[in-house]
Amino acid sequence: MTKPRILLLTYTLNRLYYPMHVYIENIADYDGKKVLIKGWLHNKRSSGKVRFLLIRDGTGIVQSVIAKDEADEKIFEIADKITQESSLIITGMVRKDDRAPGGYEIIADSIEVLQMAIDYPISPKEHSIDYLLPLRHLWLRSRKQNAIMRIRHHIIKALRDFFDDQGFICADTPILTPAACEGTTTLFKVDYYDQEAYLSQSGQLYNEAAAAALGKVYCFGPTFRAEKSKTRKHLTEFWMLEPEVAFIELDGIIDLAEDMIIYMIEKVLSKSKTELNTLKRDPSKLESIKKPFPRISYKEAVEIIKKKEPDFKYGDDFGAPHEAVIGEHFDQPVFIHHFPAAIKAFYMKRDPNDESLALGVDMIGPEGYGELIGGGQREDDHDILLKRIKEYKLPEEAFQWFLDLRKFGTCPHGGFGLGLERTIAWICGIKHVRETIPFPRMLDKIYP
Ligand code: 4AD
Ligand code: MG
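1. Here we look at the site of ligand 1
In step 1: Near ligand 1 you find 23 residues, and of these Glu182, Gln204, Arg225, Glu242 and Glu371 are the closest.
In step 2: Here Leu372 contributes a backbone N or O atom positioned 3.0 Å from an oxygen atom of ligand 1.
In step 3: One of the side-chain N or O atoms of Arg422 is found 3.5 Å from a nitrogen atom in ligand 1.
In step 4: Its free accessible area being 630 Å², ligand 1 has 94% of it covered by the protein chains.
In step 5: Of all the secondary structure elements, the ones that give two or more residues to the shell around ligand 1 are β12 (237-246), β17 (370-377) and β18 (413-419).
In step 6: For the shell around ligand 1, the element with the highest residue contribution is β17, accounting for five residues.
In step 7: Residues belonging to the shell around ligand 1 are distributed by class as follows: seven nonpolar, eight polar and eight charged.

2. Points about the domain arrangement of the chain
In step 1: On domain assignment, one finds that the chain holds domain 1 (2-115) and domain 2 (134-435).
In step 2: Put simply, the middle of domain 1 and the middle of domain 2, counted by C-alpha atoms, are 46 Å apart.
In step 3: Taken together, the eight residues of domain 1 in the interface contact four residues of domain 2.
In step 4: Linking domain 1 to domain 2 there are one salt bridge.
In step 5: Salt-bridge contacts for Glu85 lead to Arg141; the nearest nitrogen and oxygen are separated by 2.9 Å.
In step 6: Applying the counting rule to domain 1 against domain 2 returns three residue pairs in polar contact (both at pLDDT 80 or more).

What counts and how
- Residues numbered from 1 in each chain as written.
- Chains lettered and ligands numbered in written order.
- Predicted model: local features only at pLDDT ≥ 70, side-chain atom pairs only at ≥ 80, totals over all residues.
- Heavy atoms only, no water.
- Near = heavy atom within 4 Å.
- Polar contact = N/O pair within 3.5 Å; in protein donor to acceptor, adjacent residues only side chain to side chain.
- Areas by Shrake-Rupley, 256 points an atom, 1.4 Å probe, with all protein chains shown as cover.
- Helix = DSSP H or I, 4+ residues; strand = E, 2+ residues; numbered from the N terminus.
- Nonpolar A, V, L, I, M, F, W, Y, C, P; charged D, E, K, R; others polar.
- Domains from an automatic or database assignment.
- Contact = heavy atoms within 4.5 Å.
- Salt bridge = Lys/Arg side-chain N within 4 Å of Asp/Glu carboxyl O.

See the structure below:
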């Protein structure tokens, strides 16, 4: 009987003398209570005899007020000396105050500085991108980057939940591969013992094997392309979410992509309001995304593009200005299907009514974000696929296993790949994909 009582007493005393560690995102639950915050000094202001410390802990930012006349002399001294990004532990009473950023502040009664940061290189003023990129390991701490990374997390979770809830199995695909999936011009070569290997450009081919084993699958991981182009939409390492389904045709693939986008947007709008606000992203731009998205053929897209870009010819691949014309024309995500086979990958099934067309589909995002999704129905006939592998001059030996899938119970199947970073850029309304991944890899850029 005595033991639980002693425990309860110890707990109560502990609570009185050692306040509970609280994350700033939950601070509103502790109004009028004493808490302990562990974090870093984000910024500081002074006004006469009052110091305002803005403290961040990764989950949010809270203001701590230290008044010379009220606070302990030692605390006031620390508040005067503490520098940006110094690590600290602070205790104090939570008080609701509408003037404070976030609506609550902490009346500090103790501050322990764990490490005083000297000359933090990113002061609160504006900096150029060339200055910030090599400092990415520190730049991530900024309010804006924090918001983007949080939205990235919620987008990933929403996408996974969308597929998990429908019984898809996440089957991982390899990163070291013996052959190309998306053309041989953007391969990163790796020495694989005495053999040449490549970093994966897409998990699709292995996904096809997994779909025949498990029915409906997805893979989600980093993919690599030795892009020669330096644009705001290209990374050399980017993440792709790729579902693949057995017994599905082009229309079903488009339906799946459409439902996925709608689901993701709903989740972001409900989970990431604060972050969208931090990024000054107008939520109505996302709220206005409604299904059904327009579905047009490549041929129809060419007609629309030609009105603004008269030099564009049937058979050309879309570049950024052409995608922008489509995006502006519809102001919704748009599916473009039935591309000329000549500009698409070897594995795409051809239209049974017109051999020159591939049953591929791209989704072009609104507001100039360009191609966010690429996919389609796969060639499921062994002999036709073999012919294509030869036409595209791909190494036949490396694709034997892929051809096997057409020998042993072939079926109509397909899927797509969603480029995660381009999707995040669109949702966040930021211009360049380099800010949508913690450590971007770009043409000639691999530090830090
Ligand atoms: O259109 P892509 O090349 O399609 C595939 O790789 C298919 N094998 C996917 C599949 O069907 N399972 O790439 C898919 C998406 C693009 O629409 C784009 O959003 C993104 O991946 N992407 C890139 N994102 C950032 N940087 C790059 N260099 C990208 N290349 C493609
Ligand atoms: Mg593509």
